[in-house]
Structures are given as structure tokens and as C-alpha cells.
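# Chains, contacts and geometry: an overview
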Amino acid sequence: MQSLVIVAHGSHLNPESSAPTYDHADTIRATGAFDEVKTGFWKEEPHFREVLRTVEGDEIYVVPLFVSEGYFTEQVIPRELRLDGWDVAEWDSDGLSADQATLVAEDIDREVHYCGPVGTHRAMTDVIVRRAESITGDPDVGDDFGLAVVGHGTERNENSAKAVAYHADRIAERDRFDEVKTLYMDEDPEVDDLPEFFESDDVVLVPLFIADGYHTQEDIPEDVGICEDHTEGYDVPAEVDGTRIWYAGAVGTEPLMADVILERAADAGADLGGALDDVRETTRVATGD
Amino acid sequence: MADSTSDAAADEGAATDAGDSDGPEIPEIDLPSDAFDAVLDALADRSDDDPLRFEGFAVVVETDGDDTTAGEAVYRLETAGNGPLTELSERGLHAALTEHAPAVTDWYVFEHVVGEFGPRRAFLRWIEDADGETVDARYAALAEGIERAWGELRITATITDRGERRYDVRHADDAGVPVDELNAYDDPLDARDLVTLDEKGRYRPLKTAPSLAGGWVFPDLGPRDAYEAVETIYPATVANWHREREGELDVTNWRETMARQSGIYGVVKTWDRGEGHEHVNWVAEACCDDSQCLKRREWEYDDETELDVDGGEGVFPCREPCSVVVSAARKWTKLESEQPRTYEFELTPSEKEQVEAIIDAVADGRIDDIREADTKEGANRYRTRFLRAKLFDDEGNLAGVPTEPDGEGEE
């Protein structure tokens with residue numbers, strides 16, 4: 001019996017935090033690729049400490065819904081899941097290449113395949129592009145458009161910026177957008193000065209965050225200047241200093257994220273049948289025709 | 001031969017019914033084909049010395065089948081009191097089992113529908129006391145409806161004429177309300193939306209807080225979905241309850257939990273200074289009381305030191321300080337590192353009592369219950385605004401007394 005466990009941060013304050021986790025779990029459940037799909041949280045329930053005891057299967061894939069490798073994926077999650085003998089060296093990662101480690105979870109005395117975070121998977125690049133398509137409503141968006149991929153920055157975790165740069169580079173190589181830049185919240189180049197970094201009149205701004213919350217709905221919109229006060233909301237697009245900014249909100253809310261979760265599990269050995277194709281099809285942006 | 005065996009089985013069934021004639025009525029149960037097929041499948045894997053056991057009888061494959069069956073399997077049904085029914089063809093077995101339909105469908109429900117998974121199986125058996133009551137007693141009770149409480153939930157188990165279990169899951173406050181007056185759901189995952197906000201529309205960060213809103217019902221769930229609905233509304237509570245029943249609940253006490261914390265929560269361990277555990281009593285009284293959380297607190301200060309406050313009466317246990325407690329403890333660790341100071345305020349006796357009334361009202365979550373014009377209540381809004389108007393200076397200092405003695409660093 002094959003089980004998927006999606007683990008995410010969650011929130012004590014914001015009910016929207018867990019919404020993408022549930023949405024992607026539902027998308028994957030609908031494919032039937034797993035006998036069960038469970039969700040576990042750091043700040044909600046079931047907690048990381050208790051989620052595995054709700055799991056029935058014997059082939060268990062744990063996928064962290066986090067944007068980068070770091071404190072949560074390397075310390076908190078393995079500790080709270082009680083992965084026996086966990087050592088970050090198991091991943092042998094350069095900060096982007098964590099794939100999976102198979103360890104016994106003491107809580108249930110069964111092996112689990114502990115996967116790298118979704119945010120550093122190569123398939124995440126496609127989700128960022130898809131996010132640009134859905135916010136503009138244009139499945140072919142690219143010409144005459146700039147793309148800004150925005151991350152938290154390195155203040156707490158240098159891998160956070162690595163993930164942002166990795167995907168931005170991959171998108172730039174595709175020559176789809178006129179310009180692709182990385183911007184950060186708490187370091188240069190700062191998202192506050194977005195119009196200075198782009199020549200394009202239209203720029204899609206995609207924050208590399210899992211859920212909409214304080215950073216994506218309050219901080220960034222105000223810093224960028226698409227609104228004075230986040231409580232009043234913002235237009236998409238909104239013009240700032242002559243640049244039309246298409247603010248996409250957290251990339252993690254994009255339905256195609258379910259695909260990255262599946263890719264992580266597949267890389268760790270999960271048998272998915274046609275689920276990947278299913279998810280890519282069902283989460284497609286409508287052309288509007 | 002088929003006739004004689006079926007008559008014999010019928011007699012036995014009649015005898016069983018007659019024996020219970022004084023008790024609650026056992027419903028008429030048909031033997032569904034999926035249950036009978038499951039019996040055949042289970043028997044196909046067994047040898048003649050490995051009977052398939054049901055309550056009150058067992059079935060074995062007679063491998064020494066007689067020539068008249070032309071190679072078809074032949075079965076024997078053994079009961080405790082009466083002689084065995086031998087040389088049953090598949091049809092004969094069906095007839096015999098039809099007379100035992102309650103026991104066969106009961107076996108089918110738990111072996112094939114509910115399955116092995118420990119928490120789910122234990123929970124669904126607990127609902128109808130399957131490990132304490134006979135099939136007949138349970139079927140009679142299920143026909144009337146068996147009600148169970150789980151946190152703020154009311155779960156009502158019933159049975160169909162095919163022996164299938166059906167479950168109605170709703171808020172206990174909605175007990176007895178007709179289904180068509182409630183919002184009805186059939187997908188247990190829909191419960192995620194029902195538990196997100198309380199009845200005032202506020203986010204519920206703790207699923208086991210006694211603030212579950214009502215007005216909804218899952219009127220007709222199967223066993224697996226009933227379990228899923230309960231586990232969605234109160235995550236991991238069944239799993240932990242099950243472990244506790246098995247004597248395997250892994251309790252992690254306060255000190256061990258805090259010692260494990262890292263990052264911004266690492267500071268909490270510094271709150272334990274080897275000067276007693278009163279601070280943890282306060283935390284438990286603040287957060288873990290039954291008025292705040294329906295889990296029954298089983299964790300203590302440490303292996304040797306029990307807390308002095310009550311752990312609560314909940315059905316399901318709390319095995320370690322939760323993330324809400326850890327987060328709050330982080331705040332208290334910082335606040336409690338401050339040294340007390342002596343401030344001098346002048347309050348009338350009624351004002352002192354009013355301050356106490358305000359604290360009580362906030363702590364007990366009663367502020368919305370205090371009527372707008374009820375100025376007898378200390379925590380009444382007009383009373384409180386009057387107190388502020390009278391006692392606060394322009395900087396918001398109580399009685400004009402600055403927080404810092406030199407008037408700097410307020411806040």
C-alpha cells in the first residue's frame with residue numbers, strides 16, 4: 001500500500017496557509033496514484049510529530065512543501081518525524097540537489113522515503129512559468145514581458161536565494177520572456193526597486209513562496225508599490241513608475257504544484273502510473289477561447 | 001442433501017432467535033453476495049484444519065469431498081452447541097450462512113470493509129462495543145442507533161438490512177435536528193472547511209479547541225469515511241486514543257519537549273530554571289483546561305514531577321505540549337524574564353474589582369456575552385471605556401504611571 005504524506009508549515013494565525021497543501025493533496029488524491037494522501041503540519045494538525053501514526057501504508061513517501069533546503073527540511077522535519085539516524089549528509093546536497101533518503105521513522109517503526117523539498121525540484125521551474133500564464137491569462141505569455149522571481153533572501157538561509165536563482169536561470173535559458181531577473185525581500189537586488197531592473201513595460205512578479213500570507217499579501221505588495229495599504233487590495237496588473245506589474249501571489253498556490261510533489265515521490269521510487277500526465281492536463285491554463 | 005442441510009440450518013437460526021426473544025429486537029438481515037463471496041474467498045485459502053471463525057460457529061473446507069459434488073468444494077459448518085452440518089455444497093453453505101447472516105455480515109464488515117488498520121478498526125469496534133457485546137446485542141442496538149461522543153461530535157451508528165454500518169456524524173449541539181435542516185456532506189474531506197473557522201468566523205488554530213461550529217451533518221457515511229471524517233475534524237485523536245488503549249501511548253513531558261525545540265523556540269528551555277514547575281502549571285491552566293482544549297492532558301512537567309492542575313476529562317489523550325503551547329511558551333519565556341517592579345496606582349475598590357472582572361471576562365472568552373447596556377458587569381464596554389477615560393493619560397499609561405520609571409522606553 002503506497003502512501004503520500006505532504007508536510008507543510010501551516011499557521012496559527014492565517015487560515016490560508018494550509019489551503020495550497022490541501023488543494024494539491026486533493027489533486028493528487030484524484031489521480032488515484034496513491035492509496036492514501038495525508039497532510040501534516042508544523043503549526044497545524046496533525047502535527048509532524050503525529051502525522052505518520054495516521055498513515056496506513058507500508059510504502060511511505062514524505063514530500064516537504066517548502067521552497068528551499070534549510071532549517072525545516074534538514075532539522076525540524078526529520079527530528080519531528082523521528083527519522084532514525086537522519087544526517088543531512090544523507091542528501092549529499094549542494095543546497096539544490098536533495099532527492100531522497102530512506103530511513104526508519106521511529107514513531108511507526110516503518111521505513112519512509114524522505115524527499116527533498118518541492119521548491120528545488122527542476123519541475124518547479126515549470127510551475128513558475130505556469131503561474132505567469134495563469135496570472136496573465138495567457139498560455140503563451142513571454143513576448144514583451146519580463147519575469148521577476150522573488151525570494152526571501154539569504155538572511156536566514158543561503159539556500160533560499162539559490163533556489164530562486166536556479167529557476168530564474170532555467171527560465172532565462174528558454175528565451176521565452178524578454179528578461180528574467182531575481183529579486184529579494186531583504187537583500188539586493190530588492191523587490192522594492194523592481195521597475196529599475198526591467199526595461200519591459202510588463203513584468204510578471206512571481207514570489208517563490210508556498211502559501212499566501214503576510215509576506216506575499218502584505219509585505220511584497222506594499223514594498224513593490226502596487227498598493228499603499230494591503231487591506232485595500234491591489235490591481236493586476238498595477239502600474240508602478242511606468243511598469244505594469246502582474247503580481248502573481250505565492251507560486252505554491254498554482255495547481256501545477258501537485259506535479260512537483262508527484263515528481264518528488266517518483267524520484268524516490270513511487271509508482272505513479274499515469275498520474276503525472278493527469279495532473280499536467282487537469283491543471284492546465286485555459287486558453288479562454 | 002441440500003434440502004436437509006438448509007432445514008437444519010434454519011432450525012438452528014430459529015433457535016438462536018427464540019433465545020433472544022426477551023431482549024431488544026434483532027433486525028432481519030439478508031446475506032449480501034459480496035459478504036458470501038468474501039467467505040468463499042477466505043475459505044479457498046484455507047486447509048481443513050484451519051476453520052474460518054465467526055461468532056458462534058466456524059466453517060471449514062472438507063477436503064475429502066464426496067464424489068457427488070463433481071470436484072466442487074465441500075464445506076462443514078460447526079457450531080458450539082449443535083452437531084456440525086457436513087457435506088455442504090456452495091449452495092448449501094449459502095443457505096446455512098443465510099441463517100447466520102448477522103454473524104457473517106459482522107465478520108465481513110470488520111474483516112473486509114473496515115480492514116486491519118489499528119486505529120480505524122479499534123475506533124469502529126469501540127463505537128458498537130464489538131469486543132464486549134454479542135453480534136445479536138449489537139445488531140439490536142444498531143437497529144435503534146448507537147450514539148457516541150467524540151469531542152464535540154455526536155456519532156450515531158446504525159445498520160442496514162444487509163448488515164452494513166452507516167454513521168451520522170454531526171456537532172453534539174445538533175443532536176436530534178432533522179438532516180434537512182443542516183448542511184449535509186458526504187465527502188469526509190469536506191470537514192476541513194467545517195473546522196477552519198468558529199461560529200463567529202474566527203480562525204481555529206487548534207482543532208481540538210471546544211469551538212467547533214455546528215449546523216452541518218454527514219448523514220450517511222460508511223465505516224471508513226466515518227473514521228476519516230472524525231480524523232479530519234480531530235486529527236490524530238483516534239490514533240493516539242488507540243495507542244493509549246493498547247498501553248503504548250508515547251507521552252513526552254514538558255521538559256523533554258522544550259529541550260527538543262530549536263530556532264526561535266529554543267529559548268523556551270531557558271524558562272525551566274530548576275526552580276519548580278509552577279510556570280508550567282500556569283501554562284496548563286491557561287491552555288490545556290477543558291474549556292480550551294478537549295484533549296486530556298497526559299504529559300507532565302517531567303518523569304518525576306506531575307503538574308498540579310487537572311488534565312481534563314477528554315476521551316482522547318494529549319501526549320505532549322502542542323505547537324500552540326510551544327509558541328505561547330516562547331512568548332511567556334520572554335515576558336517572564338522581566339523582573340517585577342512596584343508601581344503605585346490609586347484605584348477605588350470597585351475599580352480594582354473591575355480590573356479583575358475584565359481579566360476574567362477576557363480569559364473566559366465572555367466579552368461577547370456581556371450585554372451592551374449591562375453596566376453592572378465590570379467588563380461591560382461602556383464601563384471599560386469609562387475606566388480608560390478616567391485613568392489613562394494621553395500616552396495610554398494607567399493612572400498616568402509610566403511603565404518605565406524614568407518615562408523612557410514605554411511599550
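What you see is a predicted model; the values in this text were computed from it and never measured.

### Some thoughts on the overall build of chain A
When helices and strands are counted, chain A shows nine helices and ten strands. Relative to its length of 289 residues, chain A is compact, with a C-alpha radius of gyration of 19 Å against a globular reference of 19 Å. Seen through its principal axes, chain A has C-alpha atoms that stretch 60 × 40 × 35 Å. Charge-centre separation for chain A: the mean point of 21 positive side chains lies 6 Å from the mean point of 67 negative side chains.

### Section: the overall build of chain B
A tally of regular secondary structure across chain B gives 14 helices and eleven strands. A compact globule built from 411 residues should have a C-alpha radius of gyration of about 22 Å, whereas chain B, at 31 Å, is more than 25% larger. Summarising its shape, the C-alpha atoms of chain B cover approximately 105 × 50 × 35 Å along the three principal directions. Relative to its 411 residues, chain B shows a buried fraction of 43%. Long-range pairs, those at least 24 residues apart, make up 58% of the contacts in chain B between residues at least 6 apart in sequence. Of the roughly 21,700 Å² of accessible surface on chain B, a fraction of 45% belongs to carbon and sulfur atoms. Placing the 43 positive and 98 negative side-chain charges of chain B at their respective mean positions leaves the two points 9 Å apart.

### Some words on the interface of chain B and chain A
Between chain B and chain A, the residue contacts involve 32 residues of the former and 29 residues of the latter. In this assembly, chain B packs against chain A so that about 2,500 Å² is buried in total across both faces, 42% of it on carbon and sulfur atoms. Area buried by chain B at its contact with chain A is led by B:R192, B:Y203 and B:R260, which between them contribute 24% of it. At the boundary of chain B and chain A, one finds nine salt bridges. Residue B:R319 pairs with A:E50 through a salt bridge whose shortest N-O separation is 2.9 Å. Along the contact surface separating chain B from chain A lie 22 residue pairs in polar contact (both at pLDDT 80 or more). Elements with a minimum of two residues in the side of chain B that touches chain A: α5 (118-127), α8 (223-233), α9 (237-245) and α12 (323-335) of chain B.

### Let's talk about the domain arrangement of chain A
Residues and elements named next belong to chain A. Domains assigned within chain A are domain 1 (2-120 + 254-282) and domain 2 (123-252). Placing a centre on the C-alpha atoms of domain 1 and another on those of domain 2 gives a separation of 26 Å. On the side of domain 2, 23 residues touch domain 1, which itself brings 25 residues to the contact. Counting the surface lost from both domain 1 and domain 2, the interface buries some 1,900 Å², and carbon and sulfur atoms represent 60% of this. Across the contact surface, domain 1 and domain 2 share two salt bridges. Counting across the domain 1 and domain 2 interface gives eight residue pairs in polar contact (both at pLDDT 80 or more). Every element with two or more residues in the side of domain 1 that touches domain 2 is listed here: α1 (19-31) and α8 (257-267). Looking at the side of domain 1 that touches domain 2, the element that brings in the most residues is α8, giving four residues. Split into classes, the residues belonging to the side of domain 1 that touches domain 2 amount to nine nonpolar, eight polar and eight charged.

### Brief notes about the environment of B:A143
By secondary structure assignment, the location of B:A143 is in helix α6 (residues 135-144). For B:A143 and B:G247, which are 104 residues apart along the polypeptide, the C-alpha to C-alpha distance reads 33 Å.

### Points about the sheet that holds strand β2 (residues 57-61) of chain B
Residue and element names in this part refer to chain B. Taken together, four strands build an open sheet; the order of strands is β1-β2-β3-β4 and the sheet is antiparallel. Of all strands in the sheet, those bounded by a partner on one side alone are β1 (52-54) and β4 (85-88). Averaged over neighbouring strand pairs, the angle between their axes works out to 20° when direction is ignored. Judged from the five bridges that link them, β2 and strand β3 (residues 75-79) form a sheet pairing that is antiparallel. Residue pairing for β3: F57 is matched across the bridge by T79. Packed onto the sheet, helix α3 (residues 90-98) meets β2, β3 and β4 and runs at close to 145° relative to β4.

### Concerning the packing of aromatic side chains
Taken as a whole and judged by the stated rule, the model has 28 aromatic pairs over all chains. Ring centres of B:W150 and B:W241 lie 5.4 Å apart, and the angle between their planes is 80°; this geometry places the pair in the edge-to-face category. Here B:W241 lies in helix α9 and B:W150 lies in strand β5 (residues 146-150), a separation of 91 residues in the sequence. We classify B:W241 as buried; its relative accessible area is 5%. Here the aromatic cluster, defined as three or more aromatic residues joined through ring pairs, consists of A:W42, A:F48, A:F66, A:Y71, A:F72 and B:Y265. Between the NZ or CZ atom of B:R330 and the centre of the ring of B:Y265, over which it lies, the distance is 5.8 Å.

### So, a nonpolar patch on the surface
On the surface, B:Y343, B:F345, B:L347, B:V355, B:I359, B:F392 and B:L398 cluster together to form a nonpolar patch covering roughly 570 Å² of accessible area. With respect to the helices and strands, the residue B:L398 is situated in the segment after α14 (381-391).

### Looking at the nonpolar core
Core analysis: the largest hydrophobic core is formed by 66 residues, its most contacted members being B:F54, B:V59, B:L93, B:L97, B:F123, B:W150 and B:L153. Looking at this core element by element, the count peaks at eight residues for helix α4 (residues 101-114) of chain B. Domain assignment of the residues forming this core places at least three in each of domain 1 (2-106) and domain 2 (115-243) of chain B. Not counting residues up to four positions away in its chain, the partners in contact with B:W150 are B:F123, B:W126, B:I155, B:V230, B:Y234, B:T237, B:V238, B:W241, B:V315 and B:F316. Core analysis: the second largest hydrophobic core is formed by 54 residues, A:C115, A:V127, A:V129 and A:L272 among them.

### As for unusual backbone geometry
In this chain, A:D188 is followed by A:P189 through a cis amide linkage whose omega measures -10°. On the secondary structure map, A:P189 appears in the loop between β7 (179-184) and α6 (194-197). A cis amide bond links A:V236 to the next residue, A:P237, at an omega of 0°. The topology assignment puts A:P237 in the loop between α7 (214-224) and β9 (238-240). Positive phi, normally seen in glycine, also occurs at B:A236, with a value near 65°.

### With respect to the side chain of B:N380
For B:N380, the location among the structural elements is in the loop between α13 (349-363) and α14. Separated by 2.8 Å, the side chain of B:N380 and the backbone oxygen of B:E372 make a polar contact.

Cut-offs used in this document
- Residues numbered from 1 in each chain as written.
- Chains lettered and ligands numbered in written order.
- Predicted model: local features only at pLDDT ≥ 70, side-chain atom pairs only at ≥ 80, totals over all residues.
- Heavy atoms only, no water.
- Helix = DSSP H or I, 4+ residues; strand = E, 2+ residues; numbered from the N terminus.
- Rg over C-alpha atoms; globule rule 2.2 N^0.38 Å.
- Lys, Arg positive; Asp, Glu negative; His and termini not counted.
- Charge placed at Lys NZ, Arg CZ, Asp CG, Glu CD.
- Buried < 20%, exposed > 50% of the residue type's maximum accessible area, 1.4 Å probe, protein only.
- Contact = heavy atoms within 4.5 Å.
- Areas by Shrake-Rupley, 256 points an atom, 1.4 Å probe, with all protein chains shown as cover.
- Buried area = accessible area lost by both parts, 1.4 Å probe.
- Salt bridge = Lys/Arg side-chain N within 4 Å of Asp/Glu carboxyl O.
- Polar contact = N/O pair within 3.5 Å; in protein donor to acceptor, adjacent residues only side chain to side chain.
- Domains from an automatic or database assignment.
- Nonpolar A, V, L, I, M, F, W, Y, C, P; charged D, E, K, R; others polar.
- Pairing = 2+ DSSP bridges.
- Axes fitted to C-alpha atoms, helices over the stretch in contact; angles between N-to-C directions.
- Phe/Tyr/Trp six-rings, centres within 6.5 Å; stacked < 30°, edge-to-face > 60°.
- Lys NZ or Arg CZ within 6 Å of the ring centre and 35° of its normal.
- Patch = residues over 30% accessible without salt bridge, like charges linked within 9 Å, V, L, I, M, F, W, Y side chains within 5 Å.
- Core = buried A, V, L, I, M, F, W, Y, C linked by side-chain atoms within 4.5 Å.

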